[in-house]
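A look at the structure
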Number of protein chains: 2
Amino acid sequence: MYQELVKRDDLDAVLIATPWNWHTPMALDSMRAGKYTGVEVPAAISMDECWALVNTHEETGVQCMMLENWSFRRDNLAILNMIRAGLLGEIMHAHCSYSHDCVGSYFFDGEGNPRWPGEFLVDNNRNQYPTHAQGPVLSWMDINCGDRYASLTAMATASKGINAYFARTKGPEHPTAKRPFKQGDVVTCLVRTQKGKTIVINCDMMLPRPYDNRWSVQGTLGIYNEQRNSVYIEGRSPQSHQWEPFDPYQTEFDHPWWTELEPEAAQAGHGGTDFVELKMFIKAVREKGPTPVDIYDSATMSSIIPLSEASIAQGGMPVECPDFTRGKWESTKPKFAVV
Amino acid sequence: MYQELVKRDDLDAVLIATPWNWHTPMALDSMRAGKYTGVEVPAAISMDECWALVNTHEETGVQCMMLENWSFRRDNLAILNMIRAGLLGEIMHAHCSYSHDCVGSYFFDGEGNPRWPGEFLVDNNRNQYPTHAQGPVLSWMDINCGDRYASLTAMATASKGINAYFARTKGPEHPTAKRPFKQGDVVTCLVRTQKGKTIVINCDMMLPRPYDNRWSVQGTLGIYNEQRNSVYIEGRSPQSHQWEPFDPYQTEFDHPWWTELEPEAAQAGHGGTDFVELKMFIKAVREKGPTPVDIYDSATMSSIIPLSEASIAQGGMPVECPDFTRGKWESTKPKFAVV
């Protein structure tokens, strides 16, 4: 029983990498056992779970961090440094996406039977996997430390991708080619913050396409576009209204977490990103300090799952985003990746 | 008086390139005078104007076309041919944008006084300029000829870009650096069609940035991404889930309107696009046939202006999109650029 495991005296921390519906229950038990808790994405899949994480953290005083690795990507951290240096001015808008064709590899087995993630596609129509998109955007926009998500609206396309995949690969009479799924192929969420920023969050996992995150962030002085690997910064970019390459900015604004990285670490998962993430988590455990991503950010990113489901079910009605910080967002200073 | 001008017997057609609020009134008079009418974008700026265009066209039987040139772009027409050849499968989702920093050049004069387009930014918060984004998407998605816009939700950022521009260029005490504007910097619309397709439409004209349209369209077999100038097509692209360059497809699926173009035409506005557009308009006038873009598409594209304003004013509430075809969308066959 994992409940016994998390109580062991010879453990300092617990990493949870189980099916989505086990993330919150196991994280609660881990926090209650006094263990630093790292939980895979998403930290929660319902609003009750989001609040349970926040409340249990506050009751126990134990740190819990969702392991959203794209917050630690080298390019995304350089952009964060540029934003904090004021290069983009006041941030107004961002776009982000998790665009990854996962029908044939992740959601279903070779016979067309849903694996555990695929089970969520039968009865739920929502942004199933919103945290990789949001990870860097949260810190780019000072969410929960100067601003907060205020409202969300969402729409989903019809559900065609799964049926089309199995009709194409197994024939039109295959059961999964005809089975109805609630999950739409592409879900688009539109979030507005308390201070008037907006974010487009796409989830696009059911159609054939290359992997993409499509990050873009813009402010009153400039813009970064990940697809173009380019920036434009008023008064600094050499040509008016012309993109310039991001690469020199990557060098100039590289984050110390990456410049101090041992060469061999770059061989680790996702080009070293997973190494940096776990290194900073373990540093927090060793120093008994706060984790780099806190429980409020973990709950906020995860809450897009139930919020999008509620909005889609009501034809795109705007739904209110809860303030997991209970007002602390106004006085909290940015702390992610501040060194 | 233009009312006398449009009645002249020696005119076959009228082109209207006036401030936005004159487009519909002049188009109505031109149709009533029996003249083929080409009207600059947007054709209308209110729902009443959209319906007046449709009703007057139906009452008079006179053709009226909004001059949306990006529908005629060489790349966009090649994509249309690819879609009609089935390469992308069933179309599910598109993204499009009009991203063009127009504060210093178009909306305001050198002293910071609003020019006529800038006057709309004082009291209106909406997608002010939605047609360049939508032009190609309408035909990619068979809007009004097999499908139709069903509902829309929209959000706008706060209004910071105009004040920031004039604070930067004229000093923080300049009146336009302090004047309040209702118009948000970036407006995002989310449209769902009757058949369950979705479209993200951005309008982004108030912040410093390079020009962009950010077209992307995807279906059950593949995706086109304009920013990457790339496609991925299942079963055809050489590497699974890897982009390949669009250029060979441009050659293979080039539209006859462009392959038959005289070399000198490519010197005309927007790389020949404006030439193709006007050539096809004039061809319709000479042959007394239908214009390439009809009044229903013109009204649909323009209606995003008042629809987005209504949704934004209600905090992103979904609003119903009118069916300007009054049910004819179900039986109408695609005709734009069919040769």
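Before going into details, it helps to say that this report is about the structure given with it.

Along the backbone of chain A there are 13 helices and 12 strands. Radius of gyration (C-alpha) of chain A: 20 Å, near the 20 Å computed for a compact globule of 339 residues. Overall, chain A is about 60 × 55 × 45 Å in size when its C-alpha atoms are taken along their principal axes. Burial analysis of chain A (339 residues in total) assigns 61% to the buried set. Considering only contacts in chain A between residues 6 or more positions apart, those separated by 24 or more positions represent 72%. When the accessible surface of chain A is totalled, it reaches about 12800 Å², and 51% of it is carbon and sulfur. With 31 positive and 42 negative side-chain charges, chain A shows a spacing of 2 Å between the two charge centroids.

Before going further, it helps to examine a nonpolar patch on the surface. On the surface, B:Leu15, B:Leu278 and B:Ile282 cluster together to form a nonpolar patch covering roughly 240 Å² of accessible area. Structurally, the position occupied by B:Ile282 is in helix α12 (residues 273–287).

A few words on the pattern of salt bridges. Two side chains carrying opposite charge are able to pair once their charged atoms lie near each other. Going through the model one piece at a time under the given rule, you end up with 36 salt bridges over all chains. Put simply, A:Arg8 and A:Asp10 hold a salt bridge, and the shortest N to O gap is 2.7 Å. Assessed through its relative accessible area of 54%, A:Asp10 is described here as exposed. Salt-bridge contacts for B:Lys197 lead to B:Asp147; the nearest nitrogen and oxygen are separated by 2.9 Å. With B:Lys197 in the loop between β6 (186–193) and β7 (198–204) and B:Asp147 in the loop between α7 (131–140) and β5 (149–156), the pair connects residues that are 50 residues apart, well separated along the chain.

Turning our eyes to something else, we now look at the sheet that holds strand β6 (residues 186–193) of chain A. Residues and elements named next belong to chain A. Ordered by their spatial adjacency, 9 strands build an open sheet running β11-β10-β9-β8-β4-β7-β6-β5-β12, and the pairing between neighbours is mixed. This sheet does not close on itself; its edge strands, each paired only once, are β11 (244–245) and β12 (319–320). The pairing of β6 with strand β7 (residues 198–204) spans 7 bridges and is classified as antiparallel. Residue pairing across strands places cysteine 189 opposite isoleucine 201, the latter belonging to β7. Across the sheet, helix α13 (residues 295–313) lies against β5 (149–156), β6, β7 and β12, angled at about 55° from β5, the strand it touches most.

Our next topic: the relation of the copies chain B and chain A. Overlaying chain B with chain A gives an RMSD of 0.0 Å, the required rotation being 180° about an axis along which the chain moves by 0.0 Å. Here the transformation between the copies is reduced to the relation of a two-fold axis. Taking the C-alpha atom as reference, chain B places B:Met317 closest to the rotation axis, 2.8 Å from it.

Scanning the model with the defined rule gives 36 aromatic pairs over all chains in all. Pairing A:Phe108 with A:Phe166 gives two aromatic rings, centres 5.2 Å apart and planes at 75°, and the pair type is edge-to-face. Residue A:Phe108 is found in the loop between α5 (103–107) and α6 (116–123), and its partner A:Phe166 is found in helix α8 (residues 161–170); the two are separated by 58 residues along the sequence. Residue A:Phe108 is classed as buried on the basis of its relative accessible area, which comes to 1%. Among the residues examined, A:Phe166 registers a relative accessible area of 2% and is labelled buried. Ring centres of B:Tyr165 and B:Phe166 lie 4.9 Å apart, and the angle between their planes is 85°; this geometry places the pair in the edge-to-face category.

Attention now moves to the interface of chain B and chain A. At the junction of the two partners, chain B supplies 53 residues and chain A supplies 53 residues. Carbon and sulfur atoms make up 60% of the area that chain B and chain A hide from each other, which totals about 4400 Å². Along the contact surface separating chain B from chain A lie 4 salt bridges. Linking chain B to chain A there are 16 residue pairs in polar contact (both at pLDDT 80 or more). Mapped by element, the contributors of at least two residues to the side of chain B that touches chain A are β4 (91–99), β5, α8 (161–170), β6, β7, β8 (216–219) and β9 (222–225) of chain B. The element that contributes the greatest number of residues to the side of chain B that touches chain A is β5(B), accounting for 6 residues.

It is worth spelling out the environment of B:Leu207 at this point. Tracing the sequence through the fold places B:Leu207 in the loop between β7 and β8. Since its relative accessible area comes to 0%, B:Leu207 is described here as buried. Those residues in contact with B:Leu207 that sit more than four places away from it in its chain are A:Met92, A:Gln218, A:Gly219, A:Thr220, B:Asp101, B:Gly161, B:Asp185 and B:Val186.

At the junction of A:Val41 and A:Pro42, the peptide bond is cis and its omega measures out at -15° in the coordinates. With respect to the helices, strands and loops of the structure, A:Pro42 is situated in the loop between β2 (36–39) and α3 (47–60). The backbone phi angle of B:Lys288 is positive, close to 55°, even though this residue is not glycine. As for its placement among the helices and strands, B:Lys288 is situated in the loop between α12 and α13 (295–313).

Before going further, it helps to examine α13(B). Residue and element names in this part refer to chain B. End to end, α13 covers 27 Å across 19 residues, agreeing with the expected 27 Å (1.5 Å per residue, within 8%). Along its length, α13 reaches its greatest deviation from straightness, about 30°, at isoleucine 304, and the proline proline 306 lies no more than four positions downstream. Along α13, 16 of the 19 residues are buried, which leaves the element largely enclosed by surrounding structure. Among the residues trailing α13, glycine 315 stands out with phi positive, at a value near 70°.

Before going further, it helps to spend a moment on the packing of α3(A) against α13(A). Residue and element names in this part refer to chain A. Where α3 contacts α13, the axes come no closer than 8 Å and their chain directions differ by 170°. The pairing of α3 with α13 is recorded here as roughly antiparallel in orientation. Here α3 runs over α13; the crossing is left-handed. Contacts from Met47, Cys50, Leu53, Val54, His57 and Glu58 in α3 reach Ile295, Tyr296, Ala299, Ser302, Ser303, Pro306 and Leu307 in α13. Residue composition of the contact of α3 with α13, grouped by class: 9 nonpolar, 3 polar and 1 charged.

What counts and how
- Residues numbered from 1 in each chain as written.
- Chains lettered and ligands numbered in written order.
- Predicted model: local features only at pLDDT ≥ 70, side-chain atom pairs only at ≥ 80, totals over all residues.
- Heavy atoms only, no water.
- Helix = DSSP H or I, 4+ residues; strand = E, 2+ residues; numbered from the N terminus.
- Rg over C-alpha atoms; globule rule 2.2 N^0.38 Å.
- Buried < 20%, exposed > 50% of the residue type's maximum accessible area, 1.4 Å probe, protein only.
- Contact = heavy atoms within 4.5 Å.
- Areas by Shrake-Rupley, 256 points an atom, 1.4 Å probe, with all protein chains shown as cover.
- Lys, Arg positive; Asp, Glu negative; His and termini not counted.
- Charge placed at Lys NZ, Arg CZ, Asp CG, Glu CD.
- Patch = residues over 30% accessible without salt bridge, like charges linked within 9 Å, V, L, I, M, F, W, Y side chains within 5 Å.
- Salt bridge = Lys/Arg side-chain N within 4 Å of Asp/Glu carboxyl O.
- Pairing = 2+ DSSP bridges.
- Axes fitted to C-alpha atoms, helices over the stretch in contact; angles between N-to-C directions.
- Least-squares fit on C-alpha atoms with pLDDT ≥ 70 in both.
- Phe/Tyr/Trp six-rings, centres within 6.5 Å; stacked < 30°, edge-to-face > 60°.
- Buried area = accessible area lost by both parts, 1.4 Å probe.
- Polar contact = N/O pair within 3.5 Å; in protein donor to acceptor, adjacent residues only side chain to side chain.
- Expected span 1.5 Å × (residues − 1).
- Bend = angle between axes of the 7 residues up to and from the residue.
- Parallel < 35°, antiparallel > 145°, perpendicular 65-115°, else oblique.
- Left-handed = near helix turned anticlockwise from the far one by under 90°.
- Nonpolar A, V, L, I, M, F, W, Y, C, P; charged D, E, K, R; others polar.

What is shown is where atoms sit, not what they do.
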